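In case you want the letters, here they are:
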Amino acid sequence: MGLIPAGGGTKEMLLRAVDQAVALAPPDPRDPPSRFAQSAEMGTALRRVFETVAMAKVATSAAEARTLGLLLAADRITMNRERLLLDAKAHVAALAEAGYTAPQPRTQIPAPGLPALAMMETGAYLMGEAGYASEHDQKVARWVAYILAGGR
């Protein structure tokens, strides 16, 4: 269809990918930020997010959702649908009792920039050349790349 996840979904996947890349290989404070944006760790993380969104990958289980980056390790899972509301209420009650305060929203959203955009656009082109993506799929993939890179 050509729909791109909104409501923060695409941005959150990007933030998780960036956080994961930073955890694997923290940037050297002496290097300019653009060097880290071009690092292998960042490229791998961005490629995973790009493929997930551009190819409209869906999870068939909670475990698969975690591997796709749709769920965090800390996200709770209820296996029995009949217990979903009960488990959610119990979790909220426990959070309230512990004095939960909402986290501060992130104000610094990284924009990987032009090198990342070029890498993802190349990926979209190669998906089409390999027969994995139609012309329309490539168009949507280029827009996904544009969004994830933060524009030009």
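Further up the page is the structure itself.
Residue indices follow the written sequence of each chain, beginning from 1 at its first position. Where totals are concerned, whole chains, interfaces and linings use all residues; where local detail is concerned, this predicted model gives features only for residues with pLDDT of at least 70, and gives and counts side-chain atom pairs only at 80 or more. Only hydrogens and water are removed before side-chain values are computed, so all heavy atoms of the structure are retained for them.

Comments concerning a nonpolar patch on the surface
Judged by side-chain polarity, W143, Y146 and I147 come together as a nonpolar surface patch covering roughly 310 Å² of accessible area. Secondary structure counts use DSSP, requiring at least four H or I residues in a row for a helix and at least two E residues in a row for a strand, with both numbered from the N terminus. Relative to the assigned elements, W143 resides in helix α7 (residues 135-149). Any residue with relative accessible area above 30% and no salt bridge may belong to a patch, with like charges joined within 9 Å and the nonpolar Val, Leu, Ile, Met, Phe, Trp and Tyr side chains within 5 Å. Each accessible area is a Shrake-Rupley result for a 1.4 Å probe, and residues are judged covered by the shown protein chains and nothing else. Salt bridge, as used here, is a side-chain nitrogen of Lys or Arg placed within 4 Å of a carboxyl oxygen of Asp or Glu.

Observations regarding the packing of helix α6 (residues 114-129) against α7
Axis definition: a line fitted to C-alpha atoms, limited for helices to the stretch in contact. Angles are taken between N-to-C directions and run from 0 to 180 degrees. Contact geometry for α6 and α7: axes closest at 9 Å, N-to-C directions at 165°. As summarised for this structure, α6 and α7 are arranged roughly antiparallel, according to the angle between their axes. Read as a crossing pair, α6 and α7 show a hand that is right-handed. Counted together, L117, M120, E121, A124, Y125, M127 and G128 of α6 and Q138, A141, R142, A145, Y146, L148 and A149 of α7 form the full contact between these two elements. Reported orientations rely on four angle classes, namely roughly parallel under 35 degrees, roughly antiparallel over 145, roughly perpendicular from 65 to 115, and oblique for the rest. Left-handed describes a crossing in which the near helix is turned anticlockwise from the far one by less than a right angle; the clockwise case is right-handed. Only heavy atoms enter the contact rule, under which two residues are in contact if any of them lie within 4.5 Å.

A few points about the environment of P103
If you trace the backbone, P103 turns up in the loop between α5 (84-97) and α6. C-alpha of P103 to C-alpha of E135: the two residues are 32 residues apart in sequence and 41 Å apart in space.

Quick notes on the pattern of salt bridges
One pass over the full model with this rule turns up four salt bridges. The partner of D87 in a salt bridge is R83, with the nearest N and O atoms 2.9 Å apart. For E121, the salt bridge goes to R152, with nearest N and O atoms at 3.4 Å. In this pair, E121 sits in helix α6 while R152 sits in the segment after α7, placing the two residues 31 residues apart along the sequence.

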